[in-house]
Amino acid sequence: MLRITITETLSEQKWTLEGRLVQPWVSELKSCWTKTETARQERKCVVDLTAVTFIDKSGEKVLTELSKQGADLIATRRLHPACRAQHREEKSNRQL
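Structural notes, computed from the coordinates. Source: prediction; values computed, not measured.

**Overview of the overall build of the protein chain**
Logical step 1: The helix and strand inventory of the protein chain stands at four helices and four strands.
Logical step 2: N-terminal to C-terminal, the α/β element order of the protein chain is β-β-α-α-β-α-β-α.
Logical step 3: Looking at the protein chain residue by residue over its 96 residues, the buried ones come to 31%.
Logical step 4: For the protein chain, the accessible surface area stands at approximately 6,400 Å², while carbon and sulfur atoms represent 51% of it.

**Section: the pairing of strand E3 (residues 44–55)**
Logical step 1: Note that strand E2 (residues 12–21) and E3 share nine bridges and pair parallel. Bridged to Arg20 within E3 is Phe54.
Logical step 2: Both E3 and strand E4 (residues 72–74) contribute to a ladder of three bridges, which runs parallel. In the sheet register, Val46 faces E4, and the bridge partner there is Asp72.
Logical step 3: Handedness of the crossover joining E3 and E4 through helix H3 (residues 57–68) is recorded here as right-handed.

**Things to note about the nonpolar core**
Nonpolar side chains in soluble globular proteins tend to be buried together.
Logical step 1: Grouped together as the largest cluster of nonpolar side chains are 17 residues, with contacts concentrated most on Leu21 and Val47.
Logical step 2: At five residues, E3 tops the list of elements feeding residues into this core.
Logical step 3: Filtering out sequence-adjacent residues up to four positions away, Leu21 remains in contact with Leu2, Val26, Leu29, Val52, Phe54, Ile55, Asp56, Gly59, Val62 and Leu63.

About the criteria used
Each chain carries its own residue numbering, running from 1 in the direction its sequence is written. Selection of residues for local features in this predicted model requires a pLDDT of at least 70, selection of side-chain atom pairs for listing and counting requires 80 or more, and totals for whole chains, interfaces and linings are taken over all residues. To obtain the side-chain values, all non-hydrogen atoms of the structure were used and water was disregarded. Segments assigned H or I by DSSP are reported as helices when at least four residues long, segments assigned E as strands when at least two residues long, and all are numbered from the N terminus. Burial status follows relative accessibility: with a 1.4 Å probe on protein chains alone, a residue under 20% of its type maximum counts as buried, one over 50% as exposed, and anything between as partly exposed. Using a 1.4 Å probe, the Shrake-Rupley method yields the accessible areas, and only the shown protein chains count as cover for residues. Two strands pair under a simple rule: DSSP has to find at least two bridges between them. Note on handedness: a crossover is taken as right-handed if, strands pointing away from the viewer, the path from the first strand over the helix to the second is clockwise. Remark: nonpolar core denotes a set of buried residues (Ala, Val, Leu, Ile, Met, Phe, Trp, Tyr, Cys) joined through side-chain atoms within 4.5 Å. Two residues form a contact once any of their heavy atoms are found within 4.5 Å.

Here it is as structure tokens:
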């Protein structure tokens, strides 16, 4: 599950994401991003990822797109690619 919270001020639109950034939530994030495009113009946009616990390849792709469109991404070390590899390994071990 992914929770998306949008906080707006006159100068900034801040997106706080919490949970797992994977399908189908990536599609939901894209949809919300598109719907708020006009409200974002002329303002700084920040996407806070500090409460995101996992990002898959589709999540990485959408974050790259948001960044290219001007979003400033805030993240912690736990989103490092090694964490994704560790998650896959843990999941594989559980299935054995």
